[in-house]
Amino acid sequence: MRQETFAEDAPMQTIVIGHRNPDMDSICSAIAYAELKRRLGMPDVIAGRAGNTNERIDYVLQRFGVAAPQFVSDVAPRVADIMDTKVVSVPQHASIYQTMTSMELKRFRALPVVDEENRCLGLLSGWKMSHYLFPPREETMNARRFEGAIADIVHALDGHLLAGEAQSEVRPLVIMVAAMRLESFAARLEGYDARQVVLFVGDREDVQGAAIDAGVLAIVITGGLGVSAAVCAKARQKNVLLISSQFDTATSALLSRGAVRVGRMVDTNFSSFHPDASLRSVRQVVANSADLLFPVIEGDKQLVGLLSKSDFLKPVPRQLILVDHNELSQAVPGASELPIIEVLDHHRIGGLSTDLPILFWNNPVGSTSTLVALAYRQHGVPVDGSTAGLLLAGLISDTLNLTSPTTTEIDRQVADELSRSAGVTAARLAEEIFSVGSPLRSLAPKDVVTADCKDYDEGGTRFSVSQIEELNFNAFWEKKTELYDALEAYRAAQGAYFAALLVTDVNTQNSLLLLAAPPEFLNTITYPALEPNLFELNGVVSRKKQLLPFLLDCLHKAEAARSKA
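Residues numbered from 1 in each chain as written. Predicted model: local features only at pLDDT ≥ 70, side-chain atom pairs only at ≥ 80, totals over all residues. Heavy atoms only, no water.

What follows is about the sheet that holds strand 22 (residues 510-516). Pairing within the open sheet is mixed, and its six strands lie in the order 19-20-21-22-24-23. The outermost strands of the open sheet, each flanked by one partner alone, are strand 19 (453-458) and strand 23 (529-531). Ignoring strand direction, the axes of neighbouring strands in this sheet form an average angle of 25°. With five bridges connecting them, strand 22 and strand 24 (residues 534-538) associate as antiparallel partners. Its bridge partner lying in strand 24, Ser511 is registered against Leu537. Against the sheet, helix 20 (residues 543-564) engages strand 19, strand 20 (461-470), strand 21 (498-505), strand 22 and strand 24, with an angle of about 150° to strand 20. (Pairing = 2+ DSSP bridges. Helix = DSSP H or I, 4+ residues; strand = E, 2+ residues; numbered from the N terminus. Axes fitted to C-alpha atoms, helices over the stretch in contact; angles between N-to-C directions. Contact = heavy atoms within 4.5 Å.)

Strand order in the open sheet formed by six strands is 4-3-2-16-17-18, with parallel pairing between adjacent strands. In the strand order of this sheet, the two ends are held by strand 4 (70-71) and strand 18 (359-362), each with one partner. Relative to strand 17 (residues 340-345), strand 16 (residues 318-323) runs parallel, the two sharing four bridges. Each bridged residue has a counterpart across the sheet, and for Val323 the counterpart in strand 17 is Leu344. Sheet strands touched by helix 1 (residues 24-39): strand 2 (13-17), strand 3 (45-49), strand 16, strand 17 and strand 18. Its angle to strand 3, the strand with the most contacts, is close to 175°.

Moving on: the environment of Ser397. Along the chain, Ser397 falls in helix 13 (residues 385-399). For Ser397 and Asp25, which are 372 residues apart along the polypeptide, the C-alpha to C-alpha distance reads 6.8 Å.

For helix 14 (residues 409-422), with 14 residues, the first-to-last C-alpha span of 20 Å sits near the 20 Å given by 1.5 Å per residue. Those residues of helix 14 not exposed but buried are Asp411, Val414, Ala415, Leu418, Ser419 and Ala422. The buried side chains of helix 14 occupy one side of the element, clustering within an arc of 140° when seen end-on. Where the residues of helix 14 are buried, they touch helix 12 (368-379), helix 13 and helix 15 (426-434). Looking one or two places after helix 14, you find Gly423, whose phi comes out positive at around 75°. (Expected span 1.5 Å × (residues − 1). Buried < 20%, exposed > 50% of the residue type's maximum accessible area, 1.4 Å probe, protein only. Arc of directions from axis to C-beta.)

Below, the discussion takes up unusual backbone geometry. Although it is not a glycine, Lys301 sits at a positive phi angle of roughly 60°. In this structure, Lys301 sits in the loop between strand 14 (294-298) and strand 15 (302-307). A residue is classified by how much of its surface remains accessible, and Lys301, at 49% relative accessible area, is partly exposed. The backbone of Leu402 sits at a positive phi, close to 65°, despite the residue not being glycine. Within the element layout of this structure, Leu402 appears in the loop between helix 13 and helix 14.

Burial of nonpolar side chains together is a common tendency in soluble globular proteins. Val16, Tyr33, Val60, Leu392, Leu418 and Leu429 are the most contacted members of the largest nonpolar core, which has 48 residues in total. For this core, the elements supplying multiple residues, two or more each, are helix 1, strand 3, helix 2 (55-63), strand 16, helix 12, helix 13, helix 14 and helix 15. The biggest single contributor to this core is helix 1, with nine residues. The residues touching Leu429, leaving out its near neighbours within four places in the chain, are Arg63, Phe64, Gly389, Leu392, Ala393, Ile396 and Val424. (Core = buried A, V, L, I, M, F, W, Y, C linked by side-chain atoms within 4.5 Å.)

Given a rise of 1.5 Å per residue, 16 residues ought to cover 22 Å, and the 23 Å separating the end C-alpha atoms of helix 1 matches this to within 8%. Counting buried positions along helix 1 yields 13 of 16 residues, so the element is predominantly enclosed. Where helix 1 terminates, the next one or two residues include Gly41, which has phi positive at roughly 100°.

Two side chains of opposite charge can pair, provided their charged atoms sit close to one another. Per the stated rule, a full pass over the model turns up 24 salt bridges. Across the pair Glu35 and Arg38 runs a salt bridge, and its minimum N-O distance is 3.0 Å. Linking Glu35 with Arg38, this pair stays in helix 1, spanning three residues, or about one helical turn. Residue Lys446 is joined to Asp447 by a salt bridge in which the shortest nitrogen-to-oxygen separation is 3.3 Å. A relative accessible area of 55% means that Lys446 is categorised as exposed. (Salt bridge = Lys/Arg side-chain N within 4 Å of Asp/Glu carboxyl O.)

Attention shifts here to the environment of Ala444. If you trace the backbone, Ala444 turns up in the loop between helix 16 (439-442) and helix 17 (445-451). On the basis of relative accessible area, Ala444 is assigned to the partly exposed category, the value being 34%. Linking Ala444 and Lys479, residues 35 residues apart in sequence, is a C-alpha distance of 9.7 Å.

Take the packing of helix 1 against helix 2 next. Between two packed helices, the angle of one axis relative to the other and the distance separating the axes together describe the packing. Where helix 1 meets helix 2, the axes come as close as 10 Å, and the angle between the chain directions of the two elements is 30°. Here helix 1 is positioned roughly parallel relative to helix 2, judged by the angle of their axes. The chirality of how helix 1 crosses helix 2 is right-handed. On the side of helix 1, the interface is formed by Met24, Ile27, Cys28 and Ile31, while helix 2 contributes Arg56, Ile57, Val60 and Leu61. Across the contact of helix 1 with helix 2, the residue classes break down as seven nonpolar, no polar and one charged. (Parallel < 35°, antiparallel > 145°, perpendicular 65-115°, else oblique. Left-handed = near helix turned anticlockwise from the far one by under 90°. Nonpolar A, V, L, I, M, F, W, Y, C, P; charged D, E, K, R; others polar.)

Encoded structure:
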């Protein structure tokens, strides 16, 4: 038997992660909160990101010497999360006797069969082997014939050779038991090819001699009985193998049939899965299958794990802490299939539900970075310089350096504390951040739309709101048409009612709103229209506190107008 041990079952991993298309606050708060959890003793905590960083985020990470969070494209449970990695498999040249012994010890009902390179060839079931060893009555006459190797018979009998050398080559064999008079035995032997016969006999020297004269392949002397020197000499002369078995004749004959190699009984028509396959996609296949076992293979059919129906009862060793969002429409794909154990956010509550009570900290401050800083304070954990710098950057970015209407007195107090720990003033860090890479000049239009985009679902109506910050609107006017086309393409791809892009001038604290939307929705916009799909929003800088409530009101008005029509 072959037993491969791969990685031990992983302990519970906790991923601290922000929303898709993450902004500065999302990235910085995830890193800092994951660090706090580690310092508080939570094992295996990592910071994750559900999208790409941008030039400004990369600048901040580099400035404070911190690596970007691990990219996580999908957290949906996978086969690898629950499969058994301690794989017990059967080499294709193993005998039935060896295989059934292992299956009995491990209480398996089926096992995968592999070649010398650990490639999965198929499955071997206990039922199939039992059928071979104990065939139906109508098939018993053929039960004495099988293909096997003498060396495997010797091993199955735990026997030893008295004459000759046991070969490992597989060949046709016929089992005969000498339980009759010598004359009857000789007559029966004539009906077979003697060089295929393996004879089982006790200490009957007359039968032994006749079998050797007839040129049988091998004689098994049963019951641990001895054999005369004359018989041994005659067997060597005639090239007949003599094998001693400690078991009685009936038991020895039965055990010898277990010397058949399992490669001949492999069921090559089987279902297998890749370790990265989602549990959602394979669950129905497994439920509807009569198979007991499902090999997990990758590459050139390399066997890396086993999946059984009972494995679906195992908990997935991964859980989430959401920061800077609480709506599943904005969360990393697969979040709805994992336990969410905490949420830290400063946005509207979007209907998240959980099976168990969790820590849900939603506070209308200017940034999630503010909440994370408060969590450090609450637990009495000092914030080191690098972490303070990250949190200050997240706070500055989300509040436009404390000028956004979302800014609270708490944000200002936290910013002062973080500035002292980071060794840089908020004003200086803000100047550095906003002077790095204009999104409109450094990104393609489609990437501008998704760089900081949040998707919403309001009563079954899907829409998205993107936002970027610029030092002026010059680049916007140059790319206006391409930006609208990209916004319309994103709306169509998402099946959304409308898609919005808010372009904010951090110097003047004014914004432009570009909308891809049906006419009835555009007609509800009360801000000055510069063009059919473009509006001027002076004094509007906050997506969360100013723009989103306005758009929701417009959405309700558009729905009311449609219902009256």
